[in-house]
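Descriptive structure summary
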Amino acid sequence: MSLQCGIVGLPNVGKSTLFNCLSNAKAQAANFPFCTIEPNVGVITVPDERLNRLAEICKPQRVIPTTVEIVDIAGLVKGASKGEGLGNKFLANIRETDAIIHVLRCFDDPNVVHVDGSVNPVRDKEIIDAELQLRDLETIDSRIQKVQKQAQTGGDKQAKAVYEVLLKYKTALEQGKSARTVRLETKDEQAIAHDLFLLTNKPVLYVCNVDETSAVNGNHYVEDVRKAVSDENADVLVVAAKIESEIAELETYEERQLFLEEIGLQESGVSRLIKAAYSLLKLKTFLTAGSDEVRAWTFIDGYKAPQCAGIIHTDFEKGFIRAEVIKYEDYIKYGSEAAVKEAGKMGVEGKDYLVQDGDIMHFRFNV
């Protein structure tokens, strides 16, 4: 799976600090704009406690988690859609990602300058939204010019359908709304929308970067953000990037957990963010378990058994016969594959089986 989440935000909101916590790839973090010029890509392990539980049972030689790619993209400023700052580079980089992690500054600190002079996360969000919306509006207007005549006079049903979807987006964008707020009713409309590759149609997660005192319950800035994005079908995550960087420096798991407990958190913000990014990309995990290896495999929600078999090896998909499926809960309950079989809890599934998150799979194939 080569799907990527791009981290975006205005300069100095803490996105590169957060990226450094997420990845061993060290983006330069500095108190001035544009310290990240080329997008940094981090391949990041997805936390999954199920692997540890299975490893306790199987005693494998190795445990292999799944990963997600995070891209740290240069900070954007007002006027990016017209090429201001690193605007064109920013817009090109974000177009290549599949989802957006939008970091918003929700903390006061006189020692960290704000590019617009004051802390206002809703204004910051609107600046980036406006730049992306302007670029999307250019895309829409260009497409309208190409299909309008065919749609209105040529009797071309497909052109008419495309034109109607374009008009829906144009109306929303001209009202200062992102494309993701437009509700499309049919699969045909959704297919047309997908082919437009609009920047503001990408799924988005808003990450509110707060100070230590707000790490558990957030603050008034976070509440402002929640209200501002209430119509976007987007999640809001609260993370204290400065604390996360301190946690990342601790050597042992026990030290990190103790630190988290002291500030009132059960799980690190980085762990929650990685899981949220994985979900944002509509990714799920199936598992394989044995004495050689316990492994997590990434698949896109909606994949059927042969497609998942192909993730392991293309031959598995070409020669797919059936899938033997054990639910994770059953594996843990009965304690071994043999015990699951004896209890009659192993499913035998064919080509139309929709794989579920946490399924433990064994594929039978013949090539």
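Position labels on residues start from 1 in each chain and follow its written sequence. Given that this is a predicted model, residues contribute local features only at a pLDDT of at least 70 and side-chain atom pairs are listed and counted only at 80 or more, while totals for whole chains, interfaces and linings are drawn from all residues. Excluding hydrogens and water, the side-chain figures rest on all heavy atoms present in the structure.

**Some remarks on the overall build of the chain**
Think of it this way: any DSSP run of H or I at least four residues long counts as a helix, any run of E at least two long counts as a strand, and we number them from the N terminus. When you go through the chain residue by residue, the secondary structure sums to 14 helices and 12 strands. With 367 residues in all, the chain has 49% of them scored as buried. Residues are treated as being in contact if the distance between any of their heavy atoms lies within 4.5 Å. Put simply, 70% of the contacts in the chain that link residues at least 6 apart link residues at least 24 apart. To be clear on the numbers: accessible area is Shrake-Rupley with a 1.4 Å probe, and residue cover counts the displayed protein chains and nothing else. About 18400 Å² of surface is accessible on the chain, with carbon and sulfur atoms providing 48% of the total. Only protein chains enter the accessibility calculation, which uses a 1.4 Å probe; a residue whose area is less than 20% of its type maximum is buried, one above 50% is exposed, and one in between is partly exposed.

**Considering the pattern of salt bridges**
Pairing is possible between side chains of opposite charge, provided their charged atoms come close. Throughout this description, the term salt bridge denotes a Lys or Arg side-chain nitrogen within 4 Å of a carboxyl oxygen of Asp or Glu. Counted by the stated rule, this structure contains 21 salt bridges. The closest approach of N and O atoms between R62 and E293, which form a salt bridge, is 2.9 Å. Of this pair, R62 sits in strand β3 (residues 62–64) while E293 sits in strand β9 (residues 293–300), and the two are 231 residues apart along the sequence. Of the residues examined, E293 reaches a relative accessible area of 17% and is grouped as buried. The shortest N-O distance in the salt bridge between K160 and E164 comes to 2.7 Å.

**Regarding the packing of helix α1 (residues 15–22) against helix α10 (residues 269–280)**
As a packed pair, α1 and α10 sit with axes 10 Å apart at the nearest point and diverge in direction by 90°. Between α1 and α10, the crossing angle belongs to the class labelled roughly perpendicular. In this structure, α1 uses L18, C21 and L22 to contact α10, whose residues at the interface are V270, L273 and I274. Each residue is assigned to one class: nonpolar for Ala, Val, Leu, Ile, Met, Phe, Trp, Tyr, Cys and Pro, charged for Asp, Glu, Lys and Arg, and polar for all the others, Gly among them. A breakdown of the residues in the contact of α1 with α10 according to their chemical character gives 6 nonpolar, no polar and no charged. Each axis is a line fitted through C-alpha atoms, taken for helices only over the stretch in contact, and angles between the N-to-C directions span 0 to 180 degrees. Angle categories: roughly parallel below 35 degrees, roughly antiparallel above 145, roughly perpendicular from 65 to 115, and oblique for all the rest.

**Structural notes on the pairing of β9**
Burial analysis of β9 places 6 of its 8 residues in the buried class, the great majority of the element. In this description, strands pair whenever DSSP reports at least two bridges between them. With 3 bridges connecting them, β3 and β9 associate as parallel partners. The residue of β9 that forms the bridge with R62 is E293. By the bridge criterion, 7 bridges tie strand β8 (residues 283–289) to β9 in an arrangement that is antiparallel. What sits directly across from T285, in β9, is T298. Once β8 ends, the chain turns through 3 residues before running back antiparallel as β9.

**Quick word on the sheet that holds strand β1 (residues 4–8)**
Backbone hydrogen bonds hold the strands of a sheet together, and the pairing may be parallel or antiparallel. Strand order in the open sheet made by the 6 strands is β2-β4-β1-β5-β6-β7, with mixed pairing throughout. At either end of the open sheet lies a strand with only one pairing partner, and these are β2 (40–45) and β7 (235–239). Pairs of neighbouring strands in the sheet enclose a mean axial angle of 25°, with direction left out of account. As defined by bridge partners, strand β6 (residues 204–209) adjoins β7 across 5 bridges and the pair is classed as parallel. Bridge pairing in β7 places Y206 opposite V236. Contacting β5 (99–105), β6 and β7, helix α7 (residues 220–228) runs over the sheet at an angle of about 165° to β7.

**Looking at the side chain of R105**
Mapped onto the secondary structure, R105 falls in strand β5. The charge count includes Lys and Arg as positive and Asp and Glu as negative, but it does not include His or the ends of the chains. The side chain of R105 is buried and forms no salt bridge, while D109, the nearest opposite charge, is found at 5.8 Å. At 3.1 Å, the side chain of R105 and the backbone oxygen of F107 are in polar contact. Polar contact is the term for a pair of N or O atoms within 3.5 Å; when the atoms are in protein, one must be able to donate a hydrogen and the other to accept it, and sequence-neighboring residues count only if both atoms are side-chain atoms. At a separation of 3.2 Å, a polar atom in the side chain of R105 contacts the main-chain carbonyl oxygen of D109.

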